[in-house]
Amino acid sequence: MAATPIDEESNKGSMWDLDQTLDQPMEEEAVRLRNMYREKKFSSLLVLRLAFQSLGVVYGDLGTSPLYVFYNTFPSEIDEIEDVIGALSLIIYSLTLIPLLKYVFVVLRANDNGQGGTFALYSLLCRHANIKTIPNQHKTDEELTTYSRQTFAENSVAAKTKRWLEAKPYRKNALLMLVLVGTCMVIGDGILTPAISVLSAAGGIKVDHPHMSNDVVVVLAVVILVGLFSMQHYGTDKVGWLFAPIVLIWFLLVGAIGAVNIWKYDSSVLKAFSPVYIYRYFRRGGKDRWTSLGGILLSITGTEALFADLSHFPVLAVQIAFTVVVFPCLLLAYTGQAAYLMKHKEHTSDAFYRSIPDAIYWPVFVVATAAAVVASQATISATFSIIKQALALGCFPRVKVVHTSKQFLGQIYIPDINWVLMILCVIVTAGFRNTSQIGNAYGTAVVIVMLVTTFLMILIMLLVWRSHWSLVLIFAGLSLAVELTYFSAVLFKVDQGGWVPLVIAAAFLIIMYVWHYGTVKRYEFEMHSRVSMAWILGLGPSLGLVRVPGIGLVYTELASGVPHIFSHFITNLPAIHSVVVFVCVKYLPVYTVPVDERFLVKRIGPKNFHMFRCVARYGYRDLHKKDDNFEKMLFDNLFVFLRLESMMEGCSDSDEYSLYGQQTERSRDALHNENGNTISSEVELTLSSLDSIVLLNSPLRGNSLVRSSAQISSQSGLTSSQTEIDEVEYLNSCRDAGVVHILGNTVIRARRDSSFLKKIAVDYVYAFLRRVCRENSVIFNIPHESLLNVGQIFYV
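Residues numbered from 1 in each chain as written. Predicted model: local features only at pLDDT ≥ 70, side-chain atom pairs only at ≥ 80, totals over all residues. Heavy atoms only, no water.

Turning to the overall build of the protein chain, a few remarks are in order. When helices and strands are tallied, the protein chain shows 32 helices and eight strands. For the protein chain, the proportion of its 796 residues judged to be buried stands at 57%. Restricting the contact set of the protein chain to residue pairs at least 6 apart, pairs at least 24 apart contribute 84%. Within the structure as shown, the protein chain displays about 32900 Å² of accessible surface, and the carbon and sulfur contribution to it stands at 59%. (Helix = DSSP H or I, 4+ residues; strand = E, 2+ residues; numbered from the N terminus. Buried < 20%, exposed > 50% of the residue type's maximum accessible area, 1.4 Å probe, protein only. Contact = heavy atoms within 4.5 Å. Areas by Shrake-Rupley, 256 points an atom, 1.4 Å probe, with all protein chains shown as cover.)

Okay, here's the thing in structure tokens:
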């Protein structure tokens, strides 16, 4: 007898209430999570407080530029007084076009759920186009609440851009190389910013003691730098509240000193706000005027940090801080220095310190040194963050990453990188001994990062924002006109220090590219050599071996399929554990994966095989912390899966089967009674609810899900399966017997017929990086007594 249709609006009942509790719409949760950082905009007082805090984190580097800009613009002497006005006009319009218009009002909007930097732009592109070089994504990943992306019409510009990017593999690789180049230049910034900022600040001592040797200044700078890097393990959270007042005082001081100098020396410098003087500046000179742009470029250094360090602040707070405090104070500072140079053109080497009134000289010197340390701290922290993101992308060897704050996810410390940065920074400072050549190197790194951001932004505007082509053309035209001009200028100074960031970037690029190449080849080998499901089924429930008590966790990079390491293991050993779980830890192009959506569980083969797959998903800002009990979370999710699977009476006989994101006809058929009666509407509703529950299962929700499962069974007249109870008890007994973590120790070698360059890269560079990087067992916090390594070699 068929069930009568039930009006859902008039007869919702208790099942409807249960559905509303357990199956909230994904769209609402997604919007809430995507806009979490934007909710701060509701409180004006909170936004102002965050704007104040952002000064100490975001603007330190940009704020210390007045220490060395005019010295690097006029390293020898000023030929004509009007050159000062021309240089000032260039500084004013550079600050207006790049930091203010490009970054504050355009690029900051291209954040990935509040995360900034080149990797954030790349992750946005990866979600809107299939351009990720390691194809380990699954359709269920797109259902994450943080996996926000838009759809577009087939014939739109966005669709055409998407098809163009996906058409050729070399375009994907070229885009990745572009991102890696930008990353390497940011690492160069992390070395050069502390060097030039601290050395410029320490140089103020010579103004009051002109006969002091430059060696003393260099030694003082090196001591400050060593102290700065030695304190990194405490984290910025410990001194974060000190940074903002220091930088605010610094901006107010340089702004006030600039205003006094304009009134005291020469107010005619205000003519520099007319762009006519830029034309006159270039008309009077040739190559010297053009190469001086390398010094003027330093006025906008730190602009990329404006975007890269966005993660802890809403966009509005950063915009308010720049437009209200940073921009006007910087304009006053540069204009005041120009006014001083109009009367003292021989003082270009230390124009900033000489323009300070004698009464406040030493207080300003102390604040300047502190501000230089703050600026250095911001770029060092940004370097740590971007290397962490490169780790998630598979583009950097595994290194130790330490969380320094329980409140802020982005505050991390990487010991190995910290000491490498310190050594390189000390070498640069002691090697060059003056800010002129360091400035040339600094400018090269800065302009390349800006160019990378511009090219990525063009793709973002076309593919993600779906902007009109005219707006894209205006943005690209203005940005490239300024940045390519500066880039052509710094090319003239490659032999005067500009080679430093290129060498540093080349070294890191080789490391990152070789590591990524090895990672991709290893993944391709896993994909091509994975074991067929037919082979597993042919072995039978015992897998042709003795099934010993315990659980074996087999770690693999595959999100689907049985890895080759498993067949290699059971071929060489006569026994395997009673329960086998294939664990895949993978990173997605999202900034974070909520803990309650982190794990996906599925069954491999029939129930009596006791084989499962668990995929743990992380974002590029997530981290395996030592206080995370990964093993416990995995088993909690596995137990929840068994209970839900039993209720739906689903059983997988193929590797492609998964409860996640699928409507199982088999489960629906199982709910028909023996007389062939159709299930009621309430049970239909229950089943649809359970599909959503499985997608959102987590250890946090596990207990509530189990209780809800029992309630549903009771209300719908169904009883829990004895098989499910037996399997959970069986799993618990196996867990008590012991858990063994099985890791693959895969070694790759170049084939004999490979080119010489490939043999060097694979057999020596990649092999060396594998030896010095951290082991996976350390990253996953696997105890040595329960670790089993399985070695294998394959040739590429």
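Now that the structure has been shown, the text picks up again.
Before going further, it helps to examine the packing of aromatic side chains. Using the criterion set out here, one finds 18 aromatic pairs in the structure. Ring centres of W515 and Y766 lie 5.2 Å apart, and the angle between their planes is 35°; on these two criteria the pair is classed as tilted. Remark: Y766 occurs in helix α31 (residues 756-772) and W515 occurs in helix α23 (residues 499-528); sequence separation between them is 251 residues. Take Y766: its relative accessible area is 2%, and that puts it in the buried class. Measuring from ring centre to ring centre gives 6.4 Å for F612 and F641, while their planes differ by 85°; the resulting arrangement is edge-to-face. (Phe/Tyr/Trp six-rings, centres within 6.5 Å; stacked < 30°, edge-to-face > 60°.)

Take unusual backbone geometry next. A positive phi is found at R466, a non-glycine position, where the angle reads about 55°. Its place among the elements puts R466 in the loop between α21 (435-463) and α22 (469-491). At H610, a residue that is not glycine, the phi angle is positive and equals roughly 55°. On the secondary structure map, H610 appears in the loop between β5 (599-603) and β6 (611-618). Exposure remark for H610: the relative accessible area of 16% places this residue in the buried category.

It is worth spelling out the sheet that holds β6 at this point. Taken in spatial order, the six strands make up an open sheet running β5-β6-β4-β3-β7-β8, and their pairing is mixed. Pairing within the sheet leaves two strands with one partner each, and these edge strands are β5 and β8 (787-795). With strand direction ignored, the average angle separating the axes of adjacent strands in the sheet is 25°. In this structure, strand β7 (residues 739-749) lies alongside β8, joined through nine bridges in parallel fashion. Bridge pairing links R749 to Y795 in β8. α23 rests against β3 (546-556), β7 and β8 of the sheet, and its axis sits at about 95° to β8. Contacting β3, β4 (575-587), β6, β7 and β8, helix α25 (residues 564-572) crosses the sheet at an angle of about 110° to β8. (Pairing = 2+ DSSP bridges. Axes fitted to C-alpha atoms, helices over the stretch in contact; angles between N-to-C directions.)

Attention now moves to α25. For α25, every residue scored as buried is listed here: I565, F566, S567, F569 and I570. The elements touched by buried residues of α25 are α24 (533-539), β3, β4, β6, β7 and β8.

As a further point, take the side chain of T335. By secondary structure assignment, the location of T335 is in helix α17 (residues 315-343). Residues in contact with T335, not counting those within four places in the same chain, are L88, I262, V269 and L270.

Attention shifts here to a nonpolar patch on the surface. There is a patch of nonpolar side chains on the surface, built from L97, L101 and F105 and spanning about 240 Å² of accessible area. Locating L97 in the fold gives a position in helix α6 (residues 81-104). Assessed through its relative accessible area of 31%, L97 is described here as partly exposed. (Patch = residues over 30% accessible without salt bridge, like charges linked within 9 Å, V, L, I, M, F, W, Y side chains within 5 Å. Salt bridge = Lys/Arg side-chain N within 4 Å of Asp/Glu carboxyl O.)

Now for the pattern of salt bridges. Under the definition given, this model contains eight salt bridges. Between K102 and E483 there is a salt bridge; the shortest N-O distance is 2.4 Å. Within this pair, whereas K102 is found in helix α6, its partner E483 is found in helix α22, the two being separated by 381 residues in sequence. Between K521 and E524 there is a salt bridge, with the nearest N and O atoms lying 3.6 Å from each other.

A few words on helix α13 (residues 276-284). Among the residues of α13, Y277, I278 and Y281 are the ones counted as buried. The arc enclosing the buried residues of α13, seen along the axis, measures out at 110°, which places them on a common side. For α13, exposure combined with an orientation more than 90 degrees from the buried face picks out Y279 and R283. On its buried side, α13 packs onto α5 (69-73), α6 and α14 (287-291). (Arc of directions from axis to C-beta.)

Right, let's get into the nonpolar core. Formed by 167 residues in total, the largest nonpolar core has its most connected members in Y59, F251, Y353 and F396. Grouped together as the second largest cluster of nonpolar side chains are 33 residues, F635, L642, V728 and L731 included. (Core = buried A, V, L, I, M, F, W, Y, C linked by side-chain atoms within 4.5 Å.)

Any two packed helices are characterised by how steeply their axes cross, that is the angle between the axes, and by the distance between the axes. Two elements in contact, helix α7 (residues 118-128) and helix α9 (residues 169-202), have axes whose closest approach is 9 Å; the angle formed by their N-to-C orientations is 165°. Classified by the angle their axes make, α7 and α9 are roughly antiparallel. Of the two elements, α7 crosses α9, and the hand of that crossing is left-handed. On the side of α7, the interface is formed by T118, F119, Y122 and L125, while α9 contributes L175, L176, V179 and T183. Looking at side-chain class alone, the contact of α7 with α9 contains six nonpolar, two polar and no charged residues. (Parallel < 35°, antiparallel > 145°, perpendicular 65-115°, else oblique. Left-handed = near helix turned anticlockwise from the far one by under 90°. Nonpolar A, V, L, I, M, F, W, Y, C, P; charged D, E, K, R; others polar.)

Summarising burial for β3: eight of the eleven residues are buried, a large majority. Two elements, β3 and β4, share nine bridges in a ladder whose sense is parallel. Pairing of Y555 across the sheet is with V583, part of β4. Looking at chain direction, β3 and β7 are connected through four bridges and run parallel. Within β7, the position partnered with I551 by the bridge is V739.

Below, the discussion takes up the confidence of the model for the protein chain. Taken as a whole, the protein chain shows an average pLDDT of 77; of its residues, 80% reach a score of 70 or greater. When the criterion is pLDDT under 50, residues 1-42 qualifies, and its contacts beyond four places in sequence or with other chains add up to 51 contacts. In this model residues 650-721 is a low-confidence stretch, pLDDT under 50, and it forms 124 contacts with partners more than four residues away in sequence or in other chains. (pLDDT = per-residue confidence, 0-100.)

One can find F582 in strand β4. For F582, a relative accessible area of 0% translates into the label buried. With 28 residues separating them along the chain, F582 and V554 place their C-alpha atoms 4.7 Å apart. Excluding its chain neighbours within four sequence positions, the residues that come into contact with F582 are V554, T556, V562, P563, F566, I604, M611, F612, R613 and C614.

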